[in-house]
Every structure is written in C-alpha cells, then in structure tokens.
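Remarks on the overall topology
The primary structure of each chain is shown beneath.
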Number of protein chains: 2
Amino acid sequence: MPAPLAWRLVSNNGPEVRAGIVVTGTELLGGQITDRNGPWLAERLGELGLEVAYLICVGDRPTDLAAALRFLADQGIGLIVTSGGLGPTADDLTAEVVAGLAGVELELDETMERQIAAILARLRGLARFDPEALRAANRKQALKPRGARALPPVGTAPGLVVPVDGGPTVIVLPGPPPELQAMWPAALATPAVRAILARTTPFESAQLRLFGLPESQIAATLQEVSAALDLTPLEITTCLRRAELVIDIRHRPGAEAIRDALIEQLRARHARYLFSTDGTSLDDQLAELLRGRRIGLAESCTGGLLAARLTERPGASDYVAGGVVAYSNRAKTTLLGVPAPLIEQHGAVSPEVARAMAEGARDRFSADVGAGITGVAGPGGGTDAKPVGYVCICVTTSDGAVRASEAVVPGNRAEIRDRSVTVAMHLLRRVLTDPA
Amino acid sequence: MPAPLAWRLVSNNGPEVRAGIVVTGTELLGGQITDRNGPWLAERLGELGLEVAYLICVGDRPTDLAAALRFLADQGIGLIVTSGGLGPTADDLTAEVVAGLAGVELELDETMERQIAAILARLRGLARFDPEALRAANRKQALKPRGARALPPVGTAPGLVVPVDGGPTVIVLPGPPPELQAMWPAALATPAVRAILARTTPFESAQLRLFGLPESQIAATLQEVSAALDLTPLEITTCLRRAELVIDIRHRPGAEAIRDALIEQLRARHARYLFSTDGTSLDDQLAELLRGRRIGLAESCTGGLLAARLTERPGASDYVAGGVVAYSNRAKTTLLGVPAPLIEQHGAVSPEVARAMAEGARDRFSADVGAGITGVAGPGGGTDAKPVGYVCICVTTSDGAVRASEAVVPGNRAEIRDRSVTVAMHLLRRVLTDPA
C-alpha cells in the first residue's frame, strides 16, 4: 500500500465544535444504494470549521434512530444533521424521533401545511388519486417539534432545525440529495445554527487540479517539498476524480503564506499538468472558453456522453450547436460525411476517422470547433492492435488548429466512456487556450 | 399521526441477530472520499440473514472508536464488523480498542509475527527503511486480544475475530477494499462467526418497480391491503429511484404465499404502473425488447443523455444505430429533416416537432424505431404556456405505432433532463410491448 498522504491539522483555536451526521433509510443498509448525503454534509461541515466525529447510517426503525441520536448527544456532539425520513409515509418518522430527543411534542405548523398543500396542488396528475390519503400525508409532513424552526420545502418535504435543551442542535433535512442541498443555506441561516457557527473558525481552502500526472508522483513531490517547507499547518488530501487528480489544501487563517508557497512549488514542478488553481473545474473553464464560439460533436464509443456533459450547464445552447452519435459506419458516412474508404483503410477506430468525424461535425453543424471520438469501450470488440480501451480523439477548429489523442484508457466500459469524455474535454481546453 | 405503514419483519425463527458495521478513517469524514467497505459488508451480512442495524464511520481517534463499539454492544448487536486501523502506524489502534471492549490484554501471536515478517521480506523497496522500526511495526501488527482468532494477512495486515464475553463477536478487517474482501471468507469460517450464522436464516427477496404512481398512493394501497392480509412476515420498503418507485419485499423462508398474495394485490390495483416484478430494470427490459431492432434517437433538451443511457450496456451497438443532438433549429432541420415551417408554426418545443424529430431519426439512421425529445430544461427559457420542465416526447415505429407524452417534468435542470430520459424509455417500452 502507498503511504497515506494526510497531514493532520493541529488546531490552535480553542475547543472545536464536533458534529455528527445521521443518514436514515433501510435501503442504505442493504448495500445496493450508496449514501450520497453523508459525504456531502461532511464536506460542508468541515468547511465551516466543525469536526465531523461520526457519520451513522441507520434504518427506518425509530428506536434505532432514537438510540443513534442519543448516542451522539451523549458524546457531546454540538450539531447533528439528519437526512431522510421526512416523506409522507408512516415509516418517515424522523420529526417524531427528534421531538423525542428534545423531549417536546409535535405540533401542526399551519403555514407549512398551506405551503405543502400549495405545492401538491401545482403537481399535475395527482387529481386521480385518493384526496383523503393526500391530505393525511400533507398534514403529517407539516408536523414539527415544539420550539423548532421549520425550513420551507424545496420538493414537498419541509426541513427542521431543532435546538435540544442542554444538548445538541439538530438539523433535519429531506433525503433526496437535490432537496437536501437546496435546503442547506436556509438551515445555516437559522439563529440556532448561526449561534453554533459563531463558535467555529471556517477553514480556508484551496484546490488544485491536475490532469495526466499519476497519484504516486504527487505523493513523491509532496514528500520532497515537505523536506524544505514545514507543511504541518496544512491539511492536504489528494484524490482521483473522473481521471483528474484533485489536491485539497485546508488550513486555519494564518497559514496562507505556507499554502501559497506550496502551490508555487507544485506549479513549478508540474505546470504542464496543472490546469486549475482557483477551484474552477474543467467544465467551468470550457463553458468560458466556448463563449462566442459554436461546437459540433461526433461520438462513437462515448455514445452521447460528451454532448450530455457539455449541455449540463444552463446556457449551453449558446455554444453547443449539436452532436451526432454515430455508432454504425453507415451513420458515420451519411450523417458526418466520413469517407467510407477511410473507414475501410484505417478501421472505424483510428486517428484518421476521429479526425474526419471532428471535421464532419464542424461542417454539419456549421460550427467553429469540432470534436470526434471513436474507440473500443468493451468489454468485447478488442484486438491485439486495438484493445479494449483504445480510444482516438480529435479536435479541430475553423482556424486550422488540430489536437489529437490516441491512447489505451484503463477501466471497465463505464470508466472508459467517462474518461474518454474527460480526455476529449482536456483536448478541447488545450486547443482553445493554446491553438498552436 | 396516521397508522404506521412500515411492516417490520417478525421472525418466527427465534431471535434475529442484528449486525453493526464500523468503518474507521478520518479521511472518510472529510467528504472527499466515499467509503466502499460499508456498503459491501452490508450486502454480505444481509445475504447471510443478519439485519444490519447501523453503519458507522468514525475517525482515527481511539476514544471515538471505543464509544461506537460500546454503543453497538449496548444496543444488543450480535456481530460487529470493523474495517481499517490495522496498519503499522501509531494511529492504527483498532486491535487495542477492541481488546478494551472485550476487557482482555493484547498478546503477541508468534505465528502471525513470522507470517508478517515473511511478507515484508518479500516486499521490495523496504530496504531503505530503518530495520528496527520495521520490526516494531511488524510486532505491533502481530498483537491480538487474548482469546481472539487471527486471520492471516492478505496484504500485510492480519485480521481478527474477537468474541466479547457476554457481548458481540467482533470481526476486525483491514481497510483496503481488496484486502477486506479477500479476508471475508476466512472470517466466516471461524468457529465464533459460524456459531452466529447457525442462528440466522438467509432472506428471500422480491422487487417490484412502478412508474407514474406517487409514493403516497402506494402507502395508501399497502395500508388497504394490510387490512385484509396479514403482512407482518414481510419487510417492505419503498423508495424513488430515477423517477421510478421501487418496492423491496424481504422475508424469511415460509412467507412466500403471503408475498405472492401481496404482489397479486399490487398488480390488480396498479397494473398500469407496474412494469417489473422479477427484479429487472427498465434498462434490462429495453435491451431485451430492442433485440433484433434498430433505434435512432433525436434529442434536444436531454443533450445526448438518452443515447448515453441506451449505450451503457455492452452490445448496444446491435440495436442503437445512433442519435442526433439537435440543439439549434437549424440542426433539427438539416440533420433530422424537421420542416422549418413546422418549427415556426408550433415552436421548437411542441408535440409536432417531437414527432418530426422521432421520424427524422428513424429515417436518417435507417432504423425501425425512432425517439424524439424536445423540452425546456431551464432554468431560463420558460414561458407561461411552456414553462421550465415542459417536455414533449414521441416514439414512432416503422409499423406505424406512435406514442407521445407531453408533460411538465418537475425538478432542476439535471433532474428534468434525467427524468425526461426515463419517461422516454418508458414510452419506448410501451410501444415495444403494446404497439396499439
């Protein structure tokens, strides 16, 4: 095993506030579904300067949830965040259990009841269902522990902030990740949570992103740098995300100079791979670089993933003219104008065909920039010369710039497809920042 | 409060054995790294018939780990599995903390010490480290709580099975997922764990999937059914996944008749929405239904996501001819043959254009089936008549079958795009199973 790369933070800011996260849902304990809320909340709490001590997944059994909350309170946890169990069905019991922890009754919040009713009324298609069941579900979701602050629904379920007398403050959030994330700012703005945050010092953080450098190399670099520079005030974690190496640097206020010195060292050694030091993602950068241009796409093995990723952002229609997913040779020829003899001569997966696809896409969509991807996503279809993972990518512009990549991308089918998209986006970034 | 709607399992096979999982590692509480061991262990334990009550992530602080283990023991948990904290460094303290829980001393396992020494001797690159430090690390890893069974190392760290007198049995496994998984069979084979497994019965399970039915309605249905049918031997959980409602039914052997009666009731009431009772996903079913056919796709607001999803599976090239992502009107006209006057008259987002896109895709890709999606993914671009989320979808076949959907899809941009793909796939399923 490689040595873990974690420089632990040594806090000099007095006692920390410890936080605990409780994610509910029996389905999370079956192993088939992986919790996304726990890690998201842990990251947010960490940024705010809280120390996350426990992350607990618990089923929908109320006695288990109650025991977990009691345990965290007994450990002196100051802030508990729960997710899930706020829906309309009877196994959604979080509000009741948290009321039990606080030792207070549930009461109907009539404002909330009206808000939920208004939301349900806007949803079309519910008219054909039993109105009494809907009304009961609505009323259940509008119950809150006495003394709690309700957080207005983002979907249909409201959230809660429940201060426990002599104990922790509990933030109760819905389970669907988009709802939970959208409700988070409202939770932070409540007086009870602001009182806790007043006792913490947020971390400063910086994030570096590199593409093309192996993780072992960054480990060696950090070890080298630490011989000359005292890095102990920094907490550094590295991880691979979608084929990019992300370096997170966290520290308390006061360590900015050391942080900047480290970033300079990394820039000096790995300038070629470093593409972001300001937290922007590749997607952010491409959206900016494509402003005022139009791009056309031609995909084979990635099956539309590049088009889907580039159109994730609002306003993408300003610069994405369109794309063709050309699985068959015939589609490559008729829809993209790739000459059939070129495919015969070099094969559908070849640098030549990738280039012809890029040029075809640029032409057919009347675009300034074209990108073509063709490869073997597997698991079948590989040969000795063109194994599974062999992917050819080309980007061309109307100014005559051309950038190409021909590589064997590691991983299974899903990984090969996803990583190929990332490689294509980095090629695009290169061609748009440095057309030479 | 409405009457409870969660049917918990009432075992008739003697007391259930409940299990808890404790995953250690401060890096898991920072949010950047997601735990893989917890879900893997939960799935294995569930298959064996244990009920996983808690999954706890805890940092490398020994007092926190000790508190978590004590908590699980106090909850009557019969089997605890831990991962991580078995390495050679000083913050790897799991063995010591578990010995504390068991109230026994650590003692040196000399067989284990020799095994670890032999493994280290084979590792290259250790020569440059201090041999005395290596020996100390080696000895530390060979310590086990008195009365524990050591599990031979797969990497360099041994595992442990520690029976706690009057309390749970604790399986202590290393953190790296491949090592943990490789060591699992040896843990199951120990006498202490076999004694626990002798008291469990593996679960039977069934899964139903519905599309288009709100979660509140299924709650009402289950309540109704339970008035006539004793559902207590079943454990039923419902959840929404990618706009589909999934009902998981688990039970001990012997409750098959009740399970089947419930499934019949659900089928009788919601046949229109029920699309899977055998565990197959929509993606599985479409892959099967498209066999021997060829499909062409035309996407606007979903930007390639439908093509990407249909090509996730190996062998998709047999039935996915290709797709066009036509963001601009010009692309709709030139690449898909949608008549410009049709767009002018009805607007780019209209049932008429969705149908012309489907027919254009079928034609251009020489396919048997065509699908067209056009909509307002937002956040901008909505009008009173065509708000954000308004999506028109059409599926046509060369046999003349046509199915269309025109709806306001709820959610943010990403959700609208993802749900529109799901709606399109259900339309496809309908047209291919019931073309009338």
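Everything numeric in this text was worked out from a predicted model, so none of it was measured. Residue numbers restart at each chain and count upward from 1, following the sequence in its written direction. Both sets of labels track the order of writing: A upward for chains, 1 upward for ligands. Per-residue local features of the predicted model are confined to residues with pLDDT of at least 70, and side-chain atom pairs are confined, for both listing and counting, to 80 or more; whole-chain, interface and lining totals are unaffected and use all residues.

Concerning the overall build of chain A
Which entries qualify depends on this criterion: By definition, any uninterrupted DSSP run of H or I lasting at least four residues is a helix, any uninterrupted run of E lasting at least two residues is a strand, and each is numbered from the N terminus. The burial label depends on the number of other C-beta atoms within 10 Å of a residue's C-beta. Counts of 20 or more mean buried, 12 or fewer mean exposed, and intermediate counts mean partly exposed, with C-beta atoms placed from the backbone. Here the contact rule is simple: place C-beta atoms from the backbone, and any two residues whose C-beta atoms are within 7 Å are in contact.
Along its length, chain A carries 15 helices and 17 strands. Put simply, chain A has 436 residues, and 48% of those count as buried. Within chain A, residue pairs in contact and separated by at least 24 positions form 68% of the contacts whose partners lie at least 6 positions apart.

With respect to the interface of chain B and chain A
What counts, and what does not: Three residue categories are used. Nonpolar comprises Ala, Val, Leu, Ile, Met, Phe, Trp, Tyr, Cys and Pro, charged comprises Asp, Glu, Lys and Arg, and polar comprises the others, including Gly.
Listed by partner, the interface residues are 73 residues for chain B and 74 residues for chain A. Looking at the side of chain B that touches chain A residue by residue, the classes come out as 43 nonpolar, 21 polar and nine charged.

Remarks on the sheet that holds strand β11 (residues 244–251) of chain A
Each strand in a sheet pairs with its neighbour through backbone hydrogen bonds, running either in the same direction (parallel) or in the opposite one (antiparallel). All names here are of chain A. To keep things clear, this is the line we draw: Here, a strand pair is defined by DSSP locating no fewer than two bridges between the strands. The axes are straight lines fitted to the C-alpha atoms, using for helices just the contacting stretch, and the angles between their N-to-C directions are given from 0 to 180°.
With respect to topology, four strands assemble into an open sheet ordered β10-β11-β9-β12, the strand pairing being antiparallel. Either end of the sheet is taken by a strand with one partner, and the two such strands are β10 (235–241) and β12 (274–276). Each neighbouring strand pair of the sheet contributes to a mean axis angle of 30°, computed without reference to strand direction. Bridging between strand β9 (residues 204–211) and β12 involves two bridges; their strand directions are antiparallel. Among the inter-strand pairings, L210 is bridged to a residue of β12, identified as L274. Sitting on the sheet, helix α9 (residues 256–270) is in contact with β9, β11 and β12, with an inclination near 5° to β9.

A look at helix α14 (residues 351–364) of chain B
Residues and elements named next belong to chain B. Using the following cut-off: Multiplying one less than the number of residues by 1.5 Å gives the expected span of a helix.
When the terminal C-alpha atoms of α14 are compared, their 20 Å separation across 14 residues agrees well with the 20 Å that a helix rising 1.5 Å per residue should span. Of all 14 residues making up α14, eleven are buried, and the element is well covered by its neighbours. Listing the buried residues of α14 in full gives V353, A354, R355, A356, M357, A358, E359, G360, A361, R362 and R364.

Regarding the domain arrangement of chain A
Quick reminder of the rule: Domain limits in this description derive from either an automatic procedure or a database domain assignment.
Taken as a whole, chain A is organised into domain 1 (18–197), domain 2 (204–279) and domain 3 (286–433). With centres defined by C-alpha atoms, the gap from domain 1 of chain A to domain 3 of chain A works out at 44 Å.

Overview of the sheet that holds strand β9 (residues 204–211) of chain B
Residues and elements named next belong to chain B. Sheet architecture is open: four strands sit in the order β10-β11-β9-β12, paired in antiparallel fashion. Strand pairing shows two members of the sheet lacking a second neighbour, β10 (234–241) and β12 (274–276), which therefore form its edges. Sheet twist, expressed as the average angle between the axes of neighbouring strands with direction ignored, equals 30°. Bridging between β9 and strand β11 (residues 244–251) involves eight bridges; their strand directions are antiparallel. The residue of β11 that forms the bridge with A206 is I249.

Considering unusual backbone geometry
Residues and elements named next belong to chain A. Omega for the peptide link from G378 to P379 comes to 0°, which places this bond in the cis form. Despite not being glycine, S366 has its phi angle at roughly 50°, a positive value. Of note, S366 is situated in the loop between α14 (351–364) and β15 (369–375).

Here we look at the environment of D230(B)
Residue and element names in this part refer to chain B. Mapped onto the fold, D230 is located in the loop between α8 (215–228) and β10. Take D230: there are 12 C-beta atoms within 10 Å of it, and that puts it in the exposed class. The sequence separation of D230 and K386 amounts to 156 residues, and the corresponding C-alpha distance is 47 Å.

Some points on the confidence of the model for chain A
Residue and element names in this part refer to chain A. Keep this limit in mind: You can read pLDDT as the predictor saying how much it trusts each residue, on a scale of 0 to 100.
Per-residue confidence for chain A gives a mean pLDDT of 89, with 94% of residues at or over 70. Of the regions scoring below 50 in pLDDT, residues 1–14 engages in 23 contacts with residues more than four places distant in sequence or in other chains. Both scores are given for the predicted complex: the pTM is 0.78, the ipTM 0.77.

Some thoughts on the nonpolar core
For the record, the criterion: As used here, a nonpolar core is made of buried Ala, Val, Leu, Ile, Met, Phe, Trp, Tyr and Cys residues. They are joined through C-beta atoms within 7 Å.
The biggest cluster of nonpolar side chains holds 114 residues, and the ones touching the most others in it are I56(A), A68(A), V98(A), I56(B), A68(B) and V98(B). With residues up to four places along the chain from it excluded, the contact list for I56(B) reads Y54(A), I56(A), I21(B), V22(B) and A68(B). Formed by 110 residues, the second largest nonpolar core is a distinct cluster that contains V320(A), C301(B), A361(B) and Y390(B).

Some words on the pairing of strand β17 (residues 402–408) of chain B
All names here are of chain B. For strand β16 (residues 390–397) and β17, the ladder comprises seven bridges, and the chain directions are antiparallel. Note on β17: the bridge partner recorded for V391 is A407. From the end of β16 to the start of β17, which pair antiparallel, there are four residues, and G400 there has a positive phi angle of about 95°.

What about the packing of helix α4 (residues 110–122) of chain B against helix α5 (residues 131–141) of chain B?
The angle between the axes and the distance between the axes are what describe a pair of packed helices. Residue and element names in this part refer to chain B. Under the convention used in this document: Each angle gets one of four labels, with under 35 degrees taken as roughly parallel, over 145 as roughly antiparallel, 65 to 115 as roughly perpendicular, and the rest as oblique. Working rule for handedness: look at the near helix, and if it is turned counterclockwise from the far one by less than a right angle, call the crossing left-handed; if clockwise, right-handed.
It is at 9 Å that the axes of α4 and α5 come closest, and there the two elements cross at 135°. For the element pair α4 / α5, the angle class is oblique. The way α4 lies across α5 gives a crossing that is right-handed. For the pair α4 and α5, the contacting residues are E113, I116, A117 and L120 in the first and L134, N138, R139 and Q141 in the second. In the contact of α4 with α5, the residues fall into four nonpolar, two polar and two charged.

Re the environment of T422(A)
Residue and element names in this part refer to chain A. Turning to its location among the elements, T422 is positioned in helix α15 (residues 413–433). Each C-alpha atom, one on T422 and one on D283, is 9.5 Å from the other, the two residues being 139 residues apart in sequence. Those residues in contact with T422 that sit more than four places away from it in its chain are R242, A243 and E244.

A word on helix α12 (residues 329–336) of chain A
Residues and elements named next belong to chain A. This is how the line gets drawn: Regarding the arc, it is the one traced by the directions from the helix axis to the C-beta atoms.
Listed as buried for α12 are A331, K332, L335 and L336. The buried residues of α12 all sit within an arc of 105° when viewed along its axis, so they share a single face. Within two residues after α12, G337 carries a phi angle of roughly 70°, on the positive side.

Re the environment of I56(A)
Tracing the backbone through its elements, the reader meets I56(A) in strand β2 (residues 51–58). Remark: the alpha-carbon pair of I56(A) and A68(A), spanning twelve residues in sequence, is separated by 7.6 Å.

A word on the pairing of β10(B)
Residue and element names in this part refer to chain B. As paired strands, β10 and β11 are joined by eight bridges and run antiparallel to one another. Counterpart to L234 in the pairing with β11 is H251. Hairpin remark: β10 followed by β11, antiparallel, with two residues in the connecting loop; positive phi at R242, about 50°.

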